[in-house]
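Residue strings, one per chain:
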Amino acid sequence: VPAAPFDAIQAQIEVDFGAPVASVFPQLSPEPLGAASLAQAHEAHLPDGRQVVVKVLRPGIGNLVETDLAAVAAADNSGYLPELCPGVKNLDALQ
C-alpha cells in the first residue's frame, strides 16, 4: 500500500494531539517505516529526546471503515450475505 502524503500525516497528528507536530515530536521522519491499509509508521523523537515509532491512522480511514461496515451490515440485513459469502453465518458483532 502506498504511503499517505507526509503533509496529510502531519495534519492528522495535529488533529489527534491538538498541538503542532513540532511540539509533540520535535523530530519526525517524513519517510514512513511502513505503510498499510489503515495506518503507517514513522520514526520520531519526543521532546525529552527518546526515540519512538509513531503509528498514524490514515486521514479519513475512520469514515471509510464505517462506510464499509455499514455496507456489510446492509448486505447482512438484506438476507443476501449468506449467498455472497457462504462462510459467513452471523454478523451480530456489527450491531
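Residues numbered from 1 in each chain as written. Predicted model: local features only at pLDDT ≥ 70, side-chain atom pairs only at ≥ 80, totals over all residues. Heavy atoms only, no water.

1. Thoughts on the overall build of the protein chain
Thinking step 1. Along the backbone of the protein chain there are four helices and four strands.
Thinking step 2. N-terminal to C-terminal, the α/β element order of the protein chain is α-α-β-β-β-β-α-α.
Thinking step 3. Its C-alpha atoms give the protein chain a radius of gyration of 18 Å, more than 25% over the compact-globule value 12 Å for 95 residues.
Thinking step 4. The 95 residues of the protein chain split such that 22% are buried.
Thinking step 5. Sequence-distant contacts in the protein chain: of pairs separated by 6 or more residues, those separated by 24 or more amount to 28%.
Thinking step 6. Looking at the protein chain as shown, the accessible area adds up to about 6300 Å², and 59% of this sits on carbon and sulfur atoms. (Helix = DSSP H or I, 4+ residues; strand = E, 2+ residues; numbered from the N terminus. Rg over C-alpha atoms; globule rule 2.2 N^0.38 Å. Buried < 20%, exposed > 50% of the residue type's maximum accessible area, 1.4 Å probe, protein only. Contact = heavy atoms within 4.5 Å. Areas by Shrake-Rupley, 256 points an atom, 1.4 Å probe, with all protein chains shown as cover.)

2. Digging into the environment of Val54
Thinking step 1. Position of Val54 relative to the elements: it lies in strand S4 (residues 51-57).
Thinking step 2. For the pair Val54 and Ala44, spaced ten residues apart in sequence, the C-alpha separation works out to 6.6 Å.
Thinking step 3. When residues no more than four places from it in sequence are discounted, the contact partners of Val54 are Phe25, Gln40, Ala41, His42 and Ala44.

3. Some thoughts on helix H1 (residues 6-17)
One turn of an α-helix holds 3.6 residues; hence residues three or four places apart share an orientation.
Thinking step 1. Helix length check: H1 (twelve residues) gives 16 Å between terminal C-alpha atoms against 16 Å at 1.5 Å per residue, within 8%.
Thinking step 2. Listing the buried residues of H1 in full gives Ile9, Gln12 and Ile13. On an axial view of H1, the arc spanned by its buried residues comes to 100°, and they lie on one face. Away from its buried face by more than 90 degrees, H1 exposes Asp7 and Val15.
Thinking step 3. Tucked inside the fold, the buried residues of H1 contact helix H2 (21-24), strand S1 (27-28), strand S3 (39-45) and S4.
Thinking step 4. Backbone geometry just after H1 places Gly18 at a positive phi near 65°. (Expected span 1.5 Å × (residues − 1). Arc of directions from axis to C-beta.)

4. Here's the deal with the pairing of S4
Thinking step 1. As paired elements, S3 and S4 share seven bridges and run antiparallel to each other. Considered in S4, the bridge of His42 is made with Val54.
Thinking step 2. Linkage of S3 to S4, two consecutive antiparallel strands, is achieved through a turn of five residues, within which Gly49 is found at a positive phi near 95°. (Pairing = 2+ DSSP bridges.)

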